[in-house]
Amino acid sequence: MLEIKNLHATVDGREILNGLDLTIGAGQVHAVMGPNGSGKSTLSYVLAGREGYQVTEGSVTFEGRDLLALKPEERARAGIFLAFQYPVEVPGVASATFLKTAVNAVRKARGEKEYDAFEFLKLAKAKREALGISEEMMKRALNVGFSGGEKKRNEVMQMMLLEPKFMVLDETDSGLDVDALRVVAAGVNAMRRADRSMLVITHYQRLLDYITPDVVHILSRGRIVRSGGPDLARELEAKGYAGVMPVAAA
Amino acid sequence: MCRPLARRRARIGRKGRPMVERNAEARAADNAAQIDALVNEKYRYGFVTDIESDFAPKGLSEDIVRFISAKKNEPQWLLDWRLKAYRLWLSLGPEEPAWAKISYPKIDYQDAYYYAAPKSTGPKSLDEVDPELLKTYEKLGIPLAERAALAGIAVDAVFDSVSVATTFKDKLASMGVIFCSISEAVREHPELVRKYLGSVVPYADNFFATLNSAVFTDGSFVYIPKGVRCPMELSTYFRINAAKTGQFERTLIIADEGSHVSYLEGCTAPMRDENQLHAAVVELVALDDAEIKYSTVQNWYPGDAEGKGGIYNFVTKRGACRGRNSKISWTQVETGSAITWKYPSCILQGDHSVGEFYSIAITNNRQQADTGTKMIHIGKNTSSRIISKGISAGRSSATYRGLVRVLPGAEGARNHTQCDSLLIGPNCAAHTVPYIESRNPSAHIEHEATTSKISDDQLFYCRSRGIGTEDAVALIVNGFCREVLQVLPMEFAVEAQKLVGVSLEGSVG
Ligand SMILES: Nc1ncnc2c1ncn2[C@@H]1O[C@H](COP(=O)(O)OP(=O)(O)OP(=O)(O)O)[C@@H](O)[C@H]1O
Ligand SMILES: [Mg+2]
């Protein structure tokens with residue numbers, strides 16, 4: 001589904017990703033773990049198409065298409081979704097308005113009928129209730145004054161409504177209390193399908209207790225230095241990065 | 001400007017009524033989609049109607065003033081008033097006021113027509129209106145035939161210098177409401193016109209008001225009798241069609257004791273390389289316990305991206321809250337015109353009277369806007385509220401200029417001003433110029449101002465959800481303006497939201 005080959009990317013002229021390879025098959029869940037500053041969010045931004053994240057070498061192919069040639073909105077319409085590590089505040093724009101605009105933009109691009117306000121609210125109600133998001137929250141300006149955990153839940157609600165094919169969750173677990181973590185993980189698991197893949201970025205095993213990955217990768221200094229099964233994450237939890245990284249990378 | 005809408009808008013801000021709340025949420029979600037459809041549209045009112053017109057000879061002179069007055073069969077007192085204004089105007093230089101933050105080449109007042117009217121007009125019923133004119137208004141989204149007319153809105157259609165049709169007149173007349181062109185009011189209701197014309201904006205008020213007093217051609221007249229709540233929205237649609245023609249309309253609205261009226265104004269003009277002058281005067285009078293809500297969606301042709309052409313909109317709008325507990329609300333959405341110079345104001349004379357000013361001013365490309373309000377507190381316990389949202393993009397410049405003046409007798413006066421500017425791109429400018437003069441120590445005046453930018457982070461966040469850049473800008477700008485859009489009548493709110501998207505087209509690379 002997604003194939004990243006020898007990806008090099010710079011930010012402000014500084015190389016952050018250098019030679020990253022990663023292939024994620026349809027239906028798979030891959031976890032990426034790595035020390036602070038190793039380039040995890042940079043990878044997620046490159047996949048989403050953020051300006052200022054310059055790809056200098058390598059390729060990213062999504063369902064056979066050159067993903068890097070697409071604008072951010074085109075990627076979203078093609079089915080890429082990034083749950084942000086730090087969701088952005090958008091003053092004045094009600095959460096519901098934002099979501100409906102986004103969902104309809106994506107549906108329109110797919111040649112599907114756009115939802116009217118009532119259809120949308122009905123649909124949104126089911127998702128937000130599953131995530132414990134109140135109706136009041138939908139009327140508030142998007143992410144403005146939301147608590148850390150509320151922002152993350154809102155990201156997951158957006159993801160559920162946009163029904164992407166490939167989703168990147170950048171530390172969606174950080175900021176969630178134990179109950180919220182369970183609820184959010186259940187929501188994410190419910191989205192697992194044979195034709196939908198995910199890249200889950202996290203620092204902690206506890207998220208992977210709920211969302212069991214097929215493959216775990218360790219990212220260090222802009223490249224993947226080790227990959228393994230779910231056990232790799234447990235090993236990391238026990239030994240720390242120094243204990244799991246190959247000597248050359250550490 | 002307006003579209004019929006099956007569902008009337010629910011009041012905002014009343015909590016604890018689930019049905020209403022749900023409507024509000026639904027509407028909020030609906031709004032964004034409305035914008036969607038229109039973001040890629042250019043100025044769509046730029047066409048010219050091919051119609052034979054009567055013109056006054058070009059230029060401005062005492063003879064032209066007499067010509068206009070004679071065309072309208074005006075009484076002597078009105079001609080005398082016009083001539084007084086004309087002579088005063090001549091003595092002013094003619095030199096326009098220079099304090100506003102706008103710049104433009106010198107206007108040649110002799111190089112314009114002061115009267116242009118379709119040949120086929122005259123007092124007649126709707127069935128006799130020239131089909132070309134009906135088609136024009138149809139194209140503008142304002143069907144005039146009552147069968148097809150907008151639900152709940154009566155329209156006075158002003159085409160260049162004359163009113164060509166007024167809808168639902170008979171229905172309104174049955175309740176004692178007078179809604180007609182000001183020329184007709186001069187003929188049919190001279191006592192009312194004579195009593196109130198110039199009583200809020202005297203002919204000597206300012207350069208443009210003086211010019212208007214000399215050469216005003218048409219406009220609307222409204223009188224709501226005691227205790228009547230006007231059953232429909234009243235609306236005037238101003239259209240400039242003829243080339244090299246200025247539009248000088250005059251609107252006068254009188255709300256008698258305990259009455260209530262909501263009035264809407266819309267404007268468009270063809271796309272032309274030349275600048276055309278629009279210098280209107282609007283006077284509102286609210287007596288005891290009366291309320292006037294005046295909404296404008298101004299979409300005059302703004303000129304092209306390089307600043308060529310467009311309307312010079314120099315307008316004087318003022319309301320007098322003469323009675324106790326009276327209330328005047330101005331709401332404006334200013335998206336058009338090359339230059340906007342207007343300060344809809346309230347004179348809060350009656351005790352406990354209330355003045356409100358809600359404004360959205362959007363400038364893009366080379367547009368310039370210097371706009372704001374004046375709230376003059378005279379009576380006791382008068383209060384005023386100002387919410388101004390300025391959005392500048394391109395190389396445009398937007399200035400908010402507002403005056404809050406509390407006179408010594410205005411015990412307990414209150415004002416709250418919120419003035420927010422949003423900048424899009426690095427080449428535009430926004431200025432806030434508040435003047436606060438309080439001569440009563442019991443007055444309570446609050447002024448808040450913010451300036452913000454649409455950040456790249458916000459745009460990327462929207463885009464990563466599938467929303468294109470221009471739609472994202474429109475979404476954020478509509479959010480920024482929400483407090484003002486909410487006070488517009490529903491029909492206008494929808495139109496205004498679309499306009500926001502259209503006016504900011506191309507503002508982000
Ligand atoms: N705009 C920027 N300008 C300069 N350096 C940047 C910029 N954005 C990211 N970086 C640098 O790139 C490196 C990788 O950052 P990134 O956010 O991808 O790390 P991360 O792996 O997500 O870390 P964390 O676990 O803390 O979220 C860091 O050293 C960071 O300082
Ligand atoms: Mg990160």
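Our structure's up above, just so we're on the same page.
**Re the site of ligand 1**
Residue and element names in this part refer to chain A.
(1) Moving on: Around ligand 1, a shell composed of 16 residues is seen, among which Gly-37, Lys-40, Ser-41, Thr-42 and His-203 lie nearest.
(2) Moving on: For ligand 1, a nitrogen atom lies 3.2 Å from a polar atom in the side chain of Asp-12.
(3) Moving on: In this structure, an oxygen atom belonging to ligand 1 sits 2.9 Å away from a side-chain N or O atom of His-203.
(4) Moving on: Isolated, ligand 1 exposes 630 Å² of accessible area, and the fraction of that covered by the protein chains is 68%.
(5) Moving on: In terms of residues, the shell around ligand 1 owes the most to one element, helix H1 (residues 40-48), which gives three residues.

**Quick notes on the packing of helix H6 (residues 148-162) of chain A against helix H7 (residues 178-191) of chain A**
The description of two helices packed together rests on the angle between their axes and the distance between the axes.
Residues and elements named next belong to chain A.
(1) Moving on: Axis separation between H6 and H7 bottoms out at 11 Å; the angle between their running directions is 15°. One way to sum up the angle between H6 and H7 is to call them roughly parallel. Every pair of crossing elements has a handedness; the one defined by H6 and H7 is left-handed. Facing Arg-153, Val-156, Met-159 and Met-160 of H6, the residues of H7 in contact are Ala-180, Val-184, Gly-187, Val-188 and Met-191.
(2) Moving on: A per-class count over the contact of H6 with H7 returns seven nonpolar, one polar and one charged.

**A word on the interface of chain B and chain A**
(1) Moving on: Contacts between chain B and chain A engage 27 residues on the former and 44 residues on the latter.
(2) Moving on: Of the roughly 3,100 Å² buried between chain B and chain A, counting both surfaces, carbon and sulfur atoms make up 60%.
(3) Moving on: The tally of links between chain B and chain A comes to four salt bridges.
(4) Moving on: Asp-457 of chain B is the salt-bridge partner of Arg-50 of chain A, the closest N and O atoms lying 2.3 Å from each other.
(5) Moving on: Counting every contact that joins chain B to chain A gives 11 residue pairs in polar contact (both at pLDDT 80 or more).
(6) Moving on: Listing elements by their share of the side of chain B that touches chain A, those giving two or more residues are helix H1 (18-38), helix H9 (456-463) and helix H10 (469-480) of chain B.
(7) Moving on: At 11 residues, H1 of chain B tops the list of elements feeding residues into the side of chain B that touches chain A.

**Examining the sheet that holds strand S2 (residues 14-24) of chain A**
Residue and element names in this part refer to chain A.
(1) Moving on: Across the sheet, four strands lie side by side as S2-S1-S4-S5; this open sheet has antiparallel pairing. Of all the strands in the sheet, just S2 and strand S5 (65-66) have a single pairing partner and so form its edges.
(2) Moving on: Relative to strand S4 (residues 53-62), strand S1 (residues 2-11) runs antiparallel, the two being bridged by eight bridges. Paired with His-8 across the two strands is Glu-57, which belongs to S4.
(3) Moving on: Helix-sheet contacts for H1 involve S1, S2 and S4, and the interaxial angle to S1 is about 110°.

**Details of the packing of H9 of chain B against H10 of chain B**
Residue and element names in this part refer to chain B.
(1) Moving on: The geometry of H9 relative to H10 is characterised by a closest axis approach of 9 Å and an angle of 115° between their N-to-C directions. Crossing hand, H9 versus H10: right-handed. On H10, the residues touching Gln-458, Leu-459, Cys-462 and Arg-463 of H9 are Thr-469, Ala-472, Val-473 and Ile-476.
(2) Moving on: In the contact of H9 with H10, the residues fall into five nonpolar, two polar and one charged.

**Looking at the coordination of the magnesium ion (ligand 2)**
Residue and element names in this part refer to chain A.
(1) Moving on: Coordination of the magnesium ion (ligand 2) by the protein involves Ser-41 (OG) and Gln-85 (OE1), with metal-donor separations of 2.0 to 2.1 Å. Separated by 44 residues along the polypeptide, Ser-41 in helix H1 and Gln-85 in the loop between strand S6 (80-83) and strand S7 (90-94) bring together distant segments of the chain.
(2) Moving on: Classification of Gln-85 as buried rests on a relative accessible area of 13%.

**Description of the nonpolar core**
(1) Moving on: Counting residues in hydrophobic clusters, the biggest one holds 100 residues, and the most contacted among them are Leu-47 of chain A together with Ile-391 and Val-477 of chain B.
(2) Moving on: With residues near it in sequence (within four places) discarded, Leu-47 of chain A still touches Leu-2, Ile-4, Val-60, Leu-67, Arg-75, Ile-80, Phe-166, Val-168 and Leu-199 of chain A.

**A few points about the sheet that holds strand S3 (residues 29-33) of chain A**
Residues and elements named next belong to chain A.
(1) Moving on: Spatial strand order, S6-S9-S10-S3-S11-S12: six strands in an open sheet with mixed pairing. Each of the sheet's edge strands pairs with one partner strand only, and the pair in question is S6 and strand S12 (223-228). Neighbour-to-neighbour, the strand axes of this sheet turn through a mean angle of 20°, independent of strand direction.
(2) Moving on: Relative to strand S10 (residues 197-201), S3 is paired through four bridges, and the arrangement is parallel. For Val-29, the partnering residue across the bridge sits in S10 and is Met-198.
(3) Moving on: Contacts from H6 reach S6 and strand S9 (166-170) within the one sheet, and its direction differs from that of S6 by about 170°.

The rules behind these values
- Residues numbered from 1 in each chain as written.
- Chains lettered and ligands numbered in written order.
- Predicted model: local features only at pLDDT ≥ 70, side-chain atom pairs only at ≥ 80, totals over all residues.
- Heavy atoms only, no water.
- Near = heavy atom within 4 Å.
- Polar contact = N/O pair within 3.5 Å; in protein donor to acceptor, adjacent residues only side chain to side chain.
- Areas by Shrake-Rupley, 256 points an atom, 1.4 Å probe, with all protein chains shown as cover.
- Helix = DSSP H or I, 4+ residues; strand = E, 2+ residues; numbered from the N terminus.
- Axes fitted to C-alpha atoms, helices over the stretch in contact; angles between N-to-C directions.
- Parallel < 35°, antiparallel > 145°, perpendicular 65-115°, else oblique.
- Left-handed = near helix turned anticlockwise from the far one by under 90°.
- Contact = heavy atoms within 4.5 Å.
- Nonpolar A, V, L, I, M, F, W, Y, C, P; charged D, E, K, R; others polar.
- Buried area = accessible area lost by both parts, 1.4 Å probe.
- Salt bridge = Lys/Arg side-chain N within 4 Å of Asp/Glu carboxyl O.
- Pairing = 2+ DSSP bridges.
- Donors = N, O, S within 2.8 Å, 3.2 Å for Na, K, Ca; no water.
- Buried < 20%, exposed > 50% of the residue type's maximum accessible area, 1.4 Å probe, protein only.
- Core = buried A, V, L, I, M, F, W, Y, C linked by side-chain atoms within 4.5 Å.

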